[in-house]
Amino acid sequence: MADVLSQSQIDALLKSMQGGGGGDSGSSDAPAQPEQKVAVQEEKKKSETPEIKYSKYDFYSPRKFTKDKMKILTSVFENYARIITSQVNGVFRVMTDITVMEVQERRYYEFVNSLSENDVITLVNTSMENYNRKLVPLMMYVTPGLVITLIDRMLGGEETVVKVKDGYRYSDVETALYRRVLSQLIHALKDGFASYISVNFEAYRIEENPTMMQDVGLDETVAIIHLNVDVTGLAVERIRICMPGTLLEALFQVMDSHRHLAKGYSYEDNRETILENIRQSQLPLTGQLGTVSLDLDDVYHLKVGDVIDMNKPKDREVKLYVGRQAWFTGKMGIYKKNVAIRINRRLFEEDDPESGELSEEELLSAQGGEETVLGG
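No experiment lies behind these values; they were computed from the predicted model shown.

> Can you explain the overall build of the chain? Please cite residues and give values.
Summing up its helical and strand segments, the chain has 11 helices and 11 strands in all. By the burial criterion, 33% of the 376 residues in the chain qualify as buried. Counting only contacts in the chain whose residues sit at least 6 apart along the sequence, the fraction spanning at least 24 positions is 67%. When the accessible surface of the chain is split by element, carbon and sulfur atoms take 51% of a total near 26,100 Å².

This is the structure:
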């Protein structure tokens, strides 16, 4: 007699066939259902979990600069982005928001490959004080859309964003104005580095075909800085700066030397010079027998010949103050018809400056003290 399958068994059989399983009866399909559910759940979890993207590391060309160095460079260009934002907004009257997208160590060919034949880059000379070696220039590229917008605003244009096509070629007039625009951006580089090092930047050449430039080797290590320029919320432009590895090495070397000097490594070398300058300083010296408080009314009625009681004998030791600090004690007397004080003892920090009483040990040490006479 043939078995009659229920509707639930038919549905289970169809599901097992769609999932790749097999079975002739409902009894053989029943154990396979939980395993299929687990597999489906795992596939759903894998599809819902976002894939983590890792940057590829080329072991044939290892990184030349540490993360700390790249953080310093990022901080420098974050300062630079804030400075040129205010300059562009104030000088060219264009509302922009310039931020740092990324600062990465790359190979020079990656920077060149991102440019086309009609792109224009500016080569910038770098010079540092007391550094005589010639440095490889850095390169700056500004997208034509930003340059033409700033030129249009310089010539009295309206508050609009000029959009240009890819591969735009500057005219002779625009090239001359391009130099004016880039000079503002390049001059601000000095202020960006001011927190770490004093360095000067100056544009010296405009390269109209960067793919043919041979100043830097294609495999040389460089730092590529991408700046994002949001122009009045209507357009997004880019500024790319390429700093060769030899230039970065020189900058970081000078930064490290300045950092060591700031920590005090050169203190011993300058010690004699500092002390020599201090020796020529003039300080007020005051002798004080005692102090007394008087009412304003008593001071107002003082007359010539009145006596103020100091509550101390006249032969009591006098304190000598350098500025407001008590340094010595001594005896009042006369030297060459002038009022003078002979120094008997030097006060120390643990002594009470308000107390004129000396302990037995202090009196014993005072007997062997200096006998310097100060003329009044």
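> Before we move on, could you go through the pattern of salt bridges and cite the residues and values that matter?
Following the criterion strictly, the structure yields 5 salt bridges and no others. The partner of Glu-249 in a salt bridge is Lys-64, with the nearest N and O atoms 3.0 Å apart. With a gap of 185 residues between them, Glu-249 in helix α8 (residues 245-262) and Lys-64 in the loop between α3 (32-48) and α4 (67-91) connect regions that are remote in the sequence. Residue classification places Glu-249 among the partly exposed positions, given a relative accessible area of 36%. In this structure, Lys-69 engages Asp-256 in a salt bridge whose closest nitrogen and oxygen atoms are separated by 3.1 Å. On the criterion of sequence distance, the pair formed by Lys-69 in helix α4 and Asp-256 in helix α8 is long-range, its members being 187 residues apart.

> Please provide a residue-by-residue account of the nonpolar core, values included.
Among the nonpolar cores identified, the biggest contains 58 residues, and Tyr-80, Met-140, Ile-239 and Met-243 are the most heavily contacted of them. Excluding its chain neighbours within four sequence positions, the residues that come into contact with Ile-239 are Ile-84, Met-140, Tyr-141, Val-142, Leu-146, Leu-185, Ile-225, His-226, Leu-227 and Val-229.

> Describe the sheet that holds strand β4 (residues 199-207), listing the residues and the values that go with them.
Read across the open sheet, the 6 strands follow the order β1-β5-β6-β3-β2-β4; overall the sheet is antiparallel. One side of each edge strand has no neighbouring strand; the edge strands of this open sheet are β1 (96-107) and β4. Between one strand axis and the next, the sheet turns through 20° on average, direction left out of account. Strand direction decides the pairing type here: strand β3 (residues 138-142) and strand β6 (residues 235-244), joined by 4 bridges, are antiparallel. Residue pairing across strands places Val-142 opposite Ile-239, the latter belonging to β6. Helix-sheet contacts for α4 involve β1, β3, β5 (221-231) and β6, and the interaxial angle to β1 is about 150°.

> Quick rundown of unusual backbone geometry? Include the residues and the values.
In most cases, non-glycine residues show a negative phi, while peptide bonds are predominantly trans. The backbone of Lys-336 sits at a positive phi, close to 50°, despite the residue not being glycine. Inspection of the secondary structure assignment puts Lys-336 in the loop between β9 (325-335) and β10 (338-346). Backbone geometry at Lys-337 places phi at a positive 65°, although glycine is not the residue there. Here Lys-337 is to be found in the loop between β9 and β10.

Conventions used here
- Residues numbered from 1 in each chain as written.
- Predicted model: local features only at pLDDT ≥ 70, side-chain atom pairs only at ≥ 80, totals over all residues.
- Heavy atoms only, no water.
- Helix = DSSP H or I, 4+ residues; strand = E, 2+ residues; numbered from the N terminus.
- Buried < 20%, exposed > 50% of the residue type's maximum accessible area, 1.4 Å probe, protein only.
- Contact = heavy atoms within 4.5 Å.
- Areas by Shrake-Rupley, 256 points an atom, 1.4 Å probe, with all protein chains shown as cover.
- Salt bridge = Lys/Arg side-chain N within 4 Å of Asp/Glu carboxyl O.
- Core = buried A, V, L, I, M, F, W, Y, C linked by side-chain atoms within 4.5 Å.
- Pairing = 2+ DSSP bridges.
- Axes fitted to C-alpha atoms, helices over the stretch in contact; angles between N-to-C directions.

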